[in-house]
Each structure stands twice: as C-alpha cells, then as structure tokens.
Amino acid sequence: MSHTTTAVPPAPATRTSAVPAPAASAPPPSPSEQAPGLPAFRVVPARRPGRIVLTIAVALVLSAVAWSFITNPRWEWGVVGSWFFAESILRGLAETLKLTVAAGVVGFGLGLMLALMRLSSSTLVSGVAWTFSWVFRSTPLLVQLLLWYNLGYLYERVVLGIPFTGVTLVDARTSDLMTPMLAAILGLGLHQAAYAAELIRGGILSVDQGQLEAASALGIPARDRSARIVLPQAMRAILPSAFNEVIGLVKGTSIVYVLAHAELFFTVQLIYGRTQEVLPMLLVATLWYVVITSALSIGQYYIERHYARGAVRTLPPTPLQRLRARLSAPRPTAQEVRA
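Only a predicted model underlies this, so the values are computations on that prediction, with no experimental measurement involved.

Reading guide: rules and limits
- Residues numbered from 1 in each chain as written.
- Predicted model: local features only at pLDDT ≥ 70, side-chain atom pairs only at ≥ 80, totals over all residues.
- Heavy atoms only, no water.
- pLDDT = per-residue confidence, 0-100.
- Helix = DSSP H or I, 4+ residues; strand = E, 2+ residues; numbered from the N terminus.
- Contact = heavy atoms within 4.5 Å.
- Axes fitted to C-alpha atoms, helices over the stretch in contact; angles between N-to-C directions.
- Parallel < 35°, antiparallel > 145°, perpendicular 65-115°, else oblique.
- Nonpolar A, V, L, I, M, F, W, Y, C, P; charged D, E, K, R; others polar.
- UniProt positions renumbered as here; feature names shortened; annotations may be inferred.
- Left-handed = near helix turned anticlockwise from the far one by under 90°.

## Notes on the confidence of the model for the chain
- Taken residue by residue, the chain gives an average pLDDT of 84. The fraction at 70 or more is 84%.
- Taken element by element, the chain is modelled with least confidence in helix 14 (residues 334–338), mean pLDDT 53, and with most confidence in helix 3 (residues 87–118), mean pLDDT 95.
- For residues 1–25, every residue scores under 50 in pLDDT, and the model assigns this stretch 0 contacts once sequence neighbours within four places are set aside.

## A word on the packing of helix 3 against helix 11 (residues 264–275)
- With their axes 7 Å apart at the nearest point, helix 3 and helix 11 run at an angle of 155° to one another. As far as their axial angle goes, helix 11 and helix 3 are roughly antiparallel. Of helix 11, the residues touching helix 3 (which contributes Ser88, Ile89, Gly92, Leu93 and Thr96) are Leu264, Thr267, Val268 and Ile271.
- For the contact of helix 3 with helix 11, the residue count by class is 5 nonpolar, 4 polar and no charged.

## Concerning the UniProt feature "transmembrane region" (unreviewed entry) in the chain
- Mapped onto this structure's residue numbering, the UniProt feature "transmembrane region" (unreviewed entry) falls at residues 52–70, 97–116, 254–272 and 278–303.
- Across residues 52–70 one finds 100% helix and 0% strand; the C-alpha atoms that close the span lie 27 Å apart.

## What about the packing of helix 3 against helix 8 (residues 180–205)?
- In the contact formed by helix 3 and helix 8, the axes pass within 5 Å of each other and the chain directions differ by 40°. Here helix 8 runs oblique to helix 3, going by the angle between their axes. Handedness of the helix 3/helix 8 crossing: right-handed.
- In the contact of helix 3 with helix 8, the residues fall into 20 nonpolar, 4 polar and 5 charged.

Pasting the structure below:
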C-alpha cells in the first residue's frame, strides 16, 4: 500500500507597518529643525499701506489742532486758568448739576410711569400718555420754559386743598411760587419725560414676550414680573439712549439763561459781559461741560457692564484690568525676539 503525502507550503509572512499617530498639538518646526532639502519659510506680516497713510494723516491733523490751541495767544489760557476754579464759576456749576439731577429725576421717573401707561390695555390711560408725549415733544423747550415762568399771567393764585372738605393746603400767589429754579425744573423735567417715556417703552418692548409668558406660568405676580424680569433685561436697550438724553440734559441746562437763573452758562455770560473776555470765558464753560459729560460716559460704561452680566458669559475687562494685564504680561526674551 502506497501512501501519498502532500506538502502544504507555509503561508507567507504578513507585513505589518506601524503608522505613528499624529501629535495633537505639535508646534510647527522652526527653520533650523526642518528636514534637509526643504526651503525655509519666513513669516512676513501683512502690509497695510492705506492704514499707515491714514494714521499719519490723522496724527498730523491732531498735531496741527493741538499746536494751534497751545500757541495761539488769543485763546488767553492764562485767563482760562484764573477763572476755571473761580468761586462764581463753581457756584454756577453747582446750579447746573442741581438742575440736571432734579430734572433727570422728574423726567425719567415720570417717563417710566408714562411708558407703563402707554402699554396699558386701557384706552383712556394709554391715550393720556400718548397725548402728553405728543404735546411736549411738539413744543420747543424754550417756549415751555417761558410758559412755566409766566404761569402767573394765566393763574394769579395757586390753591390746593382737599375737595368737598373746605381744607386748604396751599394758597399763594403763582409769581411767588414759580421761581426761575422751579420753572427750569418743570420745563426741563417734563420735556425730558416725553422722550424718556418713548425710549423706556422701546426697551420694554425689546424683551421677548416668552419671558412674560414663562413668568406667568410660574405664578410670579405682575409687579415682580415687571421689576425683576422685564426691566433688568430692558435696561440693556434703555441705557445707551438714556445716557445720551442725560448728556443732552446737562448741555440743555444752558438754555435756562433766558430765565436769568445763575447756572454755569449764565454766570459765564455775566463775567464776559463785564470783562469783555468772551472766548476765554466760553472756553471755561466748554471745559466744564466736557468734564461733566466725560464723568457720565465713564459711569455709563460701568453701569452697562453691570447689566450685561446676564447677556454674556464673560464680562469684558475694564480699562484698568486691561492695563494691569498688559503690565503683568511676561516680556519676550531676546531669543524669542530674534526668532
């Protein structure tokens, strides 16, 4: 019996190639570490000739304006310095600040009430608020000031009391009550209220209606819905326009000079009418207005930053925080600069 044996050839050896995993965040090789034979690339910053030309032109214009202010003797900077902190100027400045605060409180307080009235479902209440805004926005501020100051011509006496009781609380001549200060506060405040009502109403309407629906579904009272949910979100839209109105109110107090009230601009007028130093005194008033509006702009930045906490995840750094970060940042070494 013959036996046949079949030889099975061995299976060929399998080739396995190891592929290295790419590095997750490997930095690009430096020119000295590149493989031989590859060209060395140099990073060149993008050229922006238009921006350079514009920067030079703006710098030249600003230098020319500053040089004109400094070297022109007709500005009389010595006179400006001598009157800038004068007692009469500071008294006028204090009156301007008092007018601004009082008229701002009246304007924005009444404006908030008018905005809520405009949003009311009552036709009468909404119509009264609309009529108020229509009348006071249609009348020039100068006319309103003169009407309030001459109110005694229309109503000789002011009598206030409790109806149907015969009890009188106030009974005085209108000319005695309507001082220039009161007429200025009423004129500026009521005029401001007409504009404040519209910008507050616009801020309230900018809040998503779903916020109110969700609050109502949770059973939150209407007062808390307005004070804790709607108004804080509406402030983000209200604040920029509101600060513009306040800055305009600061400068608008200068029109009160027609009532002979001794605010800043009227005081400056009295001084240059006596000394004939018109331009230096106008420059004194201008610089004080710039100081006030600059302080308001700084306050606006921080108040807007406060109300932005719910809108952004990380608040932007303040100018002081940016300066600290820049000063504390590590400086590059000489080797890094050469690289």
